[in-house]
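# Secondary and tertiary structure notes
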Amino acid sequence: FVLLSQLRQFALPLVALLVFGRGGDWQEIAAGVSAVGLSLLAVWHYFTFTYRVDADALVIRSGLLHRGVRHLPFRRIHNVELRRSVLHRMVGVAEVRVESATGDGDAEAQMQVLALADAEALVACIRSARSGAAVDSASSTSSAESASGNSLLAVSTRDLILLGLSSNRGWVVVGAGLGVVAQLNPRGWSNPLPLAFDWVRDGVSSLTPAIGDLAGLIVLVLLASLLLRLLGTLLVLLRHYGFVLSESESRISVEGGLLTRTTSHTTLPKIQRWLVREPWLLRQFDRRALHVETAAKQAEGSEKGIDALLPIAPAGSIDALLRRFLPGIRWEQPTWHGIHPLAWRRTVKPPLLLLLVISSAVSVHLGPQAVLLLLLAPLLMIASQRDAAFSAYSVDAQRVLWRSGWLQRRWHIVERERIQCVRLRQSWFDRRAGMAHVDIDSAGARNGSSTTLGYLAVADARHISARLRRWLAQPALLAPEGGREQDQDREHLESTEQHAERAQPDSGVTDRAEV
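What this report covers is the structure whose coordinates are included nearby.

## Comments concerning unusual backbone geometry
Unlike most non-glycine residues, D286 shows phi in positive territory, near 55°. Within the fold, D286 resides in the loop between α10 (280-284) and β12 (287-294). We classify D286 as partly exposed; its relative accessible area is 46%. At Y455, a position not held by glycine, the phi torsion is positive, near 55°. In this structure, Y455 sits in strand β20 (residues 451-457). Classification of Y455 as partly exposed rests on a relative accessible area of 23%.

This is the structure:
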């Protein structure tokens, strides 16, 4: 299993060496030497990797020449994931991944080949230690069998197909594949794409000679979109087939997957941000998606840890889960405040410029017919106006809510105790337009993953930034167990917020507060 995981990492370079290399038989020799080296590395890793479960930590030893010992306290573990691919299920083993709040690109601990009973016992032991309940090795297996908890919701195959048709996963995969082909192919894009376009254009031109070029382009885009939607549906089924959300005390568990069955666990205090998504197609069927970000979320947007708490579900079920996990949330009727009334003029300029560039490039092949693409400009303006009209924020005593999008609606929810950093920023264009942005970061946030309240009026942005800074400065957020005295201090601070906001001078300097 270790060898297979390493071969997946080096498969593309080895194939490129064999297929596209130049220079005789040395490619085969280099590939063979690389395979032997990877095999020896896998054997080395197998015989030097051990782990031990102590009373309060997981201890992992690895390496022979360069020995390493890692101690993972149970209280620092944010997610425990059990994975079983088809090959794992065939031989009765499993893989366990343990993740902490580092937010980097690797799991803190990864046991790739454990007997299924040992893997379930390890997961149950870590989970019980995190919840403060002591378990012995004899009762670990029985705890693992009863760890599924109460099933809250199961996602049907019909809903998963609908999710696949509304997603852009196929575009991402094919785009990455075309990028690899362009790098490996000496002729770049000069061969496959013009052939495909000419084939479609010639077929349509025989029916409509007057607009053959433009019609060929449109048909090509429609066929590619249909095929990529089908590919996206397949990818969604592979990842989420048989998806089940369950809860046991404060622990949340998700399980799903067609070929590789994945079971992930986390707790409510570890969730840093909630994200509700509602694409246009799902909205027509009264469906939404609920995602979360934990402190163990992997960098650069990969799928480590629990990401999709519910990939798709009825809107009423999403609302009920939010009320269950976030008591007191005013999800249906919060007090929304709009963004700057001229924000749509800022957001429409980049797509208009891109449309102009595309029209100019296409006109080289299509001639004057490319001018018809400029008819999309009014649609872009309408979309920007609708997007700006829907974008709004709400700040209550416990959390910050932000909504955005028109066709692809999104709601961000960040609880007060999870906020780690607040930034107020303005570009040169923002200062000219009288706008500003407020970035809200939580623990373990990835680059670019902060919740941004964008295109606000400057006065509103400074008001929100000042209020969130006072939240960060309150001792009760750092020691919530402080008792009645801290509660009285918090009530006093909250009662003076309005006076402090009026008294704060408008300095015009970018604010930054960090904890």
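Let's pick the thread back up.
## Focus on the nonpolar core
Grouped together as the largest cluster of nonpolar side chains are 30 residues, with contacts concentrated most on L245, W274, L290, L309, L310 and L322. Contributions of two or more residues to this core are made by α6 (157-166), α9 (212-240), β9 (251-256), β11 (271-278), β12, β13 (308-314), α11 (315-325) and β17 (409-415). If we ignore the near neighbours within four places in the chain, the residues touching L309 are F243, L245, I252, V254, W274, L290, H291, V292 and F325. By size, the runner-up hydrophobic cluster in this structure holds 24 residues, among which are A343, A388, Y393 and L468.

## What about the packing of aromatic side chains?
Applying the stated criterion across every chain yields a total of three aromatic pairs. Their ring planes at 75° and their centres at 5.1 Å tell us that W428 and F429 sit as a pair that is edge-to-face. On the basis of relative accessible area, W428 is assigned to the partly exposed category, the value being 49%. Judged by relative accessible area, F429 falls into the exposed class, the value being 52%. Here the guanidinium or amino end of R288 rests over the ring plane of W411, the centre of that ring lying 5.1 Å away. Between the NZ or CZ atom of R403 and the centre of the ring of F390, over which it lies, the distance is 4.6 Å.

## Some details on helix α13 (residues 376-390)
Compared with the 21 Å implied by 1.5 Å per residue over 15 residues, the 21 Å span of α13 between its first and last C-alpha is a close match. Within the span of α13, buried status applies to A377, S384, A388 and F390. Buried positions in α13, seen along its axis, are confined to an arc of 160° and lie on one side of it. More than 90 degrees from the buried face of α13, the exposed residues found are L379 and A389.

## Some points on the pattern of salt bridges
Two side chains with opposite charge may pair up if their charged atoms get near one another. The final tally for this structure, using the stated rule, is 18 salt bridges. Of the charged contacts in the structure, one is a salt bridge between R283 and E278, with a shortest N-O distance of 3.6 Å. Taking the shortest distance from any N to any O, the salt bridge between E415 and R399 comes out at 3.8 Å. Taken together, the residues E415 in strand β17 and R399 in strand β16 (residues 399-404) connect sequence positions 16 residues apart.

Scoring rules and cut-offs
- Residues numbered from 1 in each chain as written.
- Predicted model: local features only at pLDDT ≥ 70, side-chain atom pairs only at ≥ 80, totals over all residues.
- Heavy atoms only, no water.
- Helix = DSSP H or I, 4+ residues; strand = E, 2+ residues; numbered from the N terminus.
- Buried < 20%, exposed > 50% of the residue type's maximum accessible area, 1.4 Å probe, protein only.
- Core = buried A, V, L, I, M, F, W, Y, C linked by side-chain atoms within 4.5 Å.
- Contact = heavy atoms within 4.5 Å.
- Phe/Tyr/Trp six-rings, centres within 6.5 Å; stacked < 30°, edge-to-face > 60°.
- Lys NZ or Arg CZ within 6 Å of the ring centre and 35° of its normal.
- Expected span 1.5 Å × (residues − 1).
- Arc of directions from axis to C-beta.
- Salt bridge = Lys/Arg side-chain N within 4 Å of Asp/Glu carboxyl O.

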